[in-house]
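Each chain, letter by letter, is given below.
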2 protein chains.
Amino acid sequence: MRELGSSQPTAVELEILRILWEMEPCPVRDIHARLSEAKGTNYSTTVKMLSVMLNKGLVTRNEQATPHLYRAAITRHKAAKKFLGELVEKVYDGSVMSLVLQALSSGKVSKDEIDEVRKLLDEMEGKQ
Amino acid sequence: MRELGSSQPTAVELEILRILWEMEPCPVRDIHARLSEAKGTNYSTTVKMLSVMLNKGLVTRNEQATPHLYRAAITRHKAAKKFLGELVEKVYDGSVMSLVLQALSSGKVSKDEIDEVRKLLDEMEGKQ
DNA sequence: CGAGTATAGCGAAAGGCTTCGCTACTGCAA
DNA sequence: TTGCAGTAGCGAAGCCTTTCGCTATACTCG
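Residues numbered from 1 in each chain as written. Chains lettered and ligands numbered in written order. Predicted model: local features only at pLDDT ≥ 70, side-chain atom pairs only at ≥ 80, totals over all residues. Heavy atoms only, no water.

(A) Region of interest: the pattern of salt bridges. In total, this model carries 14 salt bridges over all chains according to the counting rule given. Here B:Arg34 and B:Glu22 are joined by a salt bridge, their closest N and O atoms 3.2 Å apart. Residue B:Arg34 is located in helix H2 (residues 28-39), and its partner B:Glu22 is located in helix H1 (residues 11-23); the two are separated by 12 residues in the primary sequence. Look at the salt bridges and you will find they share partners, linking A:Lys111, A:Asp115, A:Arg118 and B:Asp122 into a network. (Salt bridge = Lys/Arg side-chain N within 4 Å of Asp/Glu carboxyl O. Helix = DSSP H or I, 4+ residues; strand = E, 2+ residues; numbered from the N terminus.)

(B) Inspection of the confidence of the model for chain A at higher detail. Across chain A, the average pLDDT comes to 87, with 92% of residues at 70 or higher. Mean pLDDT values over the elements of chain A span from 83, in helix H6 (residues 111-127) of chain A, up to 97, in strand E2 (residues 69-72) of chain A. (pLDDT = per-residue confidence, 0-100.)

(C) Just the relation of the copies chain A and chain B, in detail. You can overlay chain A on chain B at an RMSD of 0.2 Å; the transform is a turn of 180° with a shift of 0.1 Å along its axis. These values place the two chain copies in the arrangement generated by a two-fold rotation axis. Relative to the rotation axis, the closest C-alpha in chain A is found at A:Val100, a distance of 2.8 Å. When the interface residues of chain A are mapped onto chain B, 100% of them again lie at the interface, so the same face is used by both copies. (Least-squares fit on C-alpha atoms with pLDDT ≥ 70 in both. Contact = heavy atoms within 4.5 Å.)

(D) Quick peek at the layout of surface pockets. When its volume is computed, the largest pocket comes out at roughly 630 Å³. If you list the elements that add at least two residues to the lining of the largest pocket, you get helix H1 (11-23) and helix H4 (76-91) of chain A together with H1 and helix H4 (76-91) of chain B. For the lining of the largest pocket, the residue count by class is 12 nonpolar, four polar and four charged. Within this model, the second largest pocket holds a volume of roughly 230 Å³. In this structure, the second largest pocket is lined by A:Ala103, A:Ser106, A:Lys108, B:Lys81, B:Leu84, B:Gly85, B:Val88, B:Glu89, B:Gly94 and B:Val96. When residues in the lining of the second largest pocket are grouped by element, the largest group, five residues, is from H4(B). Tallied by class, residues from the lining of the second largest pocket come to four nonpolar, three polar and three charged. (1 Å grid on protein atoms, 1.4 Å probe; cavity = no way out; pocket = protein on both sides within 12 Å on 5 of 7 lines; lining within 4 Å. Points joined across faces, edges and corners; volume = space filled by probe spheres on them. Nonpolar A, V, L, I, M, F, W, Y, C, P; charged D, E, K, R; others polar.)

Listed below in structure tokens is the structure:
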């Protein structure tokens, strides 16, 4: 088994993680139900992907239970942080701010949310 | 040739795009110089990658010039927007704000930058 | 002109991700 | 006990990305 977190989850892996974050712990059948709904893939495929992910340390499972129950090995928060870091690094050349500005200017943000950001900014400034 | 933007740039493709964004238009040799510095790959590899990217519509080139001069077919801004949109969609379930809050709370942001965000927030509020 | 160097391109190999077919095991019901 | 349905696993195929060797073409300088 590779070291945990040594690699970013791939596309399908991420889909599975998202399902787990929402309904873990859960058996293959449930994961497959959601996955096949979106992609129409075979049950074997889901089982295999989970075995691959288990191998990579992206998920864990309880083998005592029948059927086995799967869980994500990284929290949504941690995964998000990794993705974000990579995005900032690779596309925004390490500037968190460039990304924030672009994200904000994409619109779709409510007044309450704007206030929330202000509050965060105030806190940050206080600590500097 | 596939339709422009039909697929996200892959890892190496993104590296090449970043080089182009910085120094376009430029010949293969220059791109290769930068790429091999980071990865130690062969000149042929760079040529091939560019031909693949040309095929995908990720880059354009001026064949009149000798050697041919390459340019990125998408701006850094557009690529960033696409990546960001995907990240928000896939990891933050569509909430731009979750992403912004997480990005900001990762630290590494100067006072000037904080002020810059405030200004943007004010503008946004004015328009609502 | 002719040799040597720079440029361009192609096809195939290597490796990773995703998919599935086939097999095996388990547990329950007739 | 036998058969069926649900569960688990493996190996290989197919596809895409990345890599390079080999070949061909163009250009430069002596």
